[in-house]
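Below, each chain spelled out in residue letters.
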Amino acid sequence: MTEAYIVATARSPIGRAHKGSLKGLRSDDLAARMVQAAVDRVPGLDPHRIEDIILGCGLPGGYQGSNLARIVSVLLGWDGVPGTTVTRYCSSSLQSTRMAFHAIKADEGDAFISAGVESVSGMAVGSSDMIPGVDLTNPAFREAIARTQSRSIADAPQWTDPRLEGALPDPYIAMGETAENVAALHGITREEQDAFAARSQQRAERAIVDGFWARDITPVTLPDGTVVSSDDGPRAGTTTEKLATLDPVFRPDGTVTAGNACPLNDGAAAVVIVSGRLVDELGLEPLARIVSTGVSGLSPEIMGLGPVDASRSALARAGLTVDDMDLVEINEAFAAQVLPSARELGVDEDRLNVHGGAIAVGHPFGMTGARITSTLLTGLATTGGRYGLETMCVGGGQGMAMVLERL
C-alpha cells in the first residue's frame, strides 16, 4: 500500500470578516490563488496530472454555494481537472485532506489538491452564529428544530451542572453556548480562559517578530495593488488584565467573551498530496507523511470536546501516543474548549499551539484544517520535531484529528 505525502502547502493571510484586509475578495478567487501557489512549489508537477481538487467550505451558502472546487480548476485553466466541495464545518479542509489520503491509500490516483476556503465577509448575516444567512423564522426550519428538540434520547448527557439540566441534543445550538456548557461541565473559569487567550496573542506576537508567520503565509495582492502579507487578527500588547474587562457574549453570567474566542474571518489554504510513486518519479522532497486520521461524534451541546476522542482514534491508528507528539495544534474555537481537551489528552503547554492559535490569527471555517496543517509543518520544521498532531472540534457535535510525520 503506497504512502501519502504532503509535498507543498500555501495559506493566505487571514482577514477580519466584513472590515478586514480580504473582505473584497471572492472565495473562488482566493482559493484559486492558494491552489496555484501550492502547485507552483512542486517541481515538475503537471497540474493536469492532478486526480481531483477536494475543497472544504464550512458554510457553503450564497456565492459559496456552488461547487467551488470545480470553479477553481476552471479559473486556473485546468479544464480537465475535476473538483468537489465538501463540508464538515470547522474541519472541512482536514476532511478534504483525509479524502485525498484515503484515495492514495486505495491506489486511485497519485496527485490530489486538498484546499479550504471561507469568506464570512461574503455571506449574508443571519440570526445564528453557526449558520449565517439561514432564516430562523422560516416555518419549515422551525419545525425541523422543534422535532430535534422534542426527541427523547435514551443516552442523553447526564449534566453535572444544574444550569444544563433538561438539555437535549440540538444540532442548531449556537457555538458560544456550547463553549459555556463545556466551561461549566469542566469548571473552566473566566480567569483561565482569559489567561489562555492572552497567551495565544502573546505567542502569535512573538512568532511575528521571529519571522515564523512570514514563513507560513503566502502574500495576496489585492486588485488595487496592495500586498497583504500578515494576518489581521493578532493584537500586540494583549494581557489577561485587558481581556478581563470584556463582557460575556452569550450569557449574562457567562465566561465566553470576544477576547477568549476566535473572531469571524476570511481566508484560503491548499495542500498538495501525492503518492510515493510520484515522489520517486519526480524526485520530490516531501514535507511530511500522513500517518493517520480520526473522527468522533458527541452531543452537539459539548462539541468543543470533540478533539479528545478524535485524537485518541488517530493516535491509536498510528501506533503512537500523545507523548510521541513534538507539537500539537488544537484549533482555538474557544479557550473554554481547548483547555479541557488538552488536559484530557495530556498535552502540556510547551507543545500546544506554540506560535499562537485561532484566537489570535483567526478561524475561517473551511480554511482552518489546511491552515493548521501548514502551520504545524512550519512549526515542526522550525523546531526540528518529527511528529505532530492536528485536531479540532466541529459544529454539530464532532471532532477530527490527523497525525503527521515530518520528513
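This structure is a prediction, so every number in the text was calculated from the model and none was measured.

## Concerning the overall build of the protein
For the protein, the count of helices and strands is 13 helices and 12 strands. Buried positions account for 60% of the 407 residues belonging to the protein.

## Description of the layout of surface pockets
Roughly 310 Å³ of volume is contained in the second largest pocket. Going through the elements one at a time, β1 (4–11), α7 (212–216) and α13 (365–383) are the ones with two or more residues in the lining of the second largest pocket. Classifying every residue of the lining of the second largest pocket by side-chain character gives 8 nonpolar, 4 polar and 4 charged.

## Section: the packing of aromatic side chains
A full pass over the atoms with the stated rule returns 1 aromatic pair. With 5.0 Å between their ring centres and 80° between their planes, F212 and W213 make a pair best called edge-to-face. There is no split in this pair, since F212 and W213 are both buried. We note R26 situated over the ring of Y63; from NZ or CZ to the ring centre the distance is 4.6 Å.

## Details of the nonpolar core
Among soluble globular proteins, nonpolar side chains are generally buried collectively. Counting residues in hydrophobic clusters, the biggest one holds 40 residues, and the most contacted among them are V35, L55, I113 and V272. Sorting the residues of this core by element identifies β1, α1 (27–40), β3 (52–56), α2 (68–75), β5 (111–119), β8 (265–275) and α9 (276–282) as the ones contributing at least two each. Ranked by residues supplied to this core, first place goes to α1 with 8 residues. One finds V308, A336, L352 and A401 within the second-largest nonpolar core, a separate group that totals 38 residues.

## Brief notes about the pairing of strand β9 (residues 288–297)
In terms of burial, β9 is largely enclosed, as 8 of its 10 residues are buried. Of the pairings in the sheet, the one linking β1 to β9 comprises 2 bridges and is antiparallel in character. Across the sheet, I6 pairs through a bridge with A288, a residue of β9. Here 9 bridges tie β9 to strand β12 (residues 398–406), and the two strands are oriented antiparallel to one another. In the sheet register, V295 faces β12, and the bridge partner there is M400.

## Observations concerning helix α3 (residues 92–105)
Within an α-helix, residues lying three or four positions from one another point in the same direction, as the helix has 3.6 residues per turn. Here α3 contains 14 residues, and its C-alpha end-to-end distance of 20 Å stays within 8% of the 20 Å for a straight helix at 1.5 Å per residue. Buried residues dominate α3, accounting for 11 of its 14 residues. Of all the positions in α3, only S92, S93, L94, Q95, S96, T97, R98, A100, F101, A103 and I104 are classed as buried. Looking one or two residues beyond α3, the residue adopting positive phi is D107, at roughly 60°.

## Considering the packing of helix α5 (residues 175–186) against helix α11 (residues 335–345)
Pairs of packed helices are described in terms of their axes, by the angle between the two and the distance that separates them. For the pair α5 and α11, the least separation of the axes is 8 Å and the interaxial angle reads 45°. Classified by the angle their axes make, α5 and α11 are oblique. α11 is crossed by α5, and the crossing has left-handed handedness. Here α5 contributes A179, V182, A183 and H186 to the contact with α11, which in turn contributes A336, Q337, P340 and E344. The residue makeup of the contact of α5 with α11, split by class, is 5 nonpolar, 2 polar and 1 charged.

## Here's the deal with the pattern of salt bridges
Using the criterion set out here, one finds 19 salt bridges in the structure. A salt bridge links R277 to D110, with the nearest nitrogen and oxygen atoms 2.8 Å apart. With R277 in helix α9 and D110 in the loop between α3 and β5, this pair connects stretches of sequence that are 167 residues apart. In this structure R277 comes out as partly exposed when scored by relative accessible area, which is 41%. The shortest N-O distance in the salt bridge between E192 and R343 comes to 3.0 Å.

Scoring rules and cut-offs
Residues numbered from 1 in each chain as written. Predicted model: local features only at pLDDT ≥ 70, side-chain atom pairs only at ≥ 80, totals over all residues. Heavy atoms only, no water. Helix = DSSP H or I, 4+ residues; strand = E, 2+ residues; numbered from the N terminus. Buried < 20%, exposed > 50% of the residue type's maximum accessible area, 1.4 Å probe, protein only. 1 Å grid on protein atoms, 1.4 Å probe; cavity = no way out; pocket = protein on both sides within 12 Å on 5 of 7 lines; lining within 4 Å. Points joined across faces, edges and corners; volume = space filled by probe spheres on them. Nonpolar A, V, L, I, M, F, W, Y, C, P; charged D, E, K, R; others polar. Phe/Tyr/Trp six-rings, centres within 6.5 Å; stacked < 30°, edge-to-face > 60°. Lys NZ or Arg CZ within 6 Å of the ring centre and 35° of its normal. Core = buried A, V, L, I, M, F, W, Y, C linked by side-chain atoms within 4.5 Å. Pairing = 2+ DSSP bridges. Expected span 1.5 Å × (residues − 1). Axes fitted to C-alpha atoms, helices over the stretch in contact; angles between N-to-C directions. Parallel < 35°, antiparallel > 145°, perpendicular 65-115°, else oblique. Left-handed = near helix turned anticlockwise from the far one by under 90°. Contact = heavy atoms within 4.5 Å. Salt bridge = Lys/Arg side-chain N within 4 Å of Asp/Glu carboxyl O.

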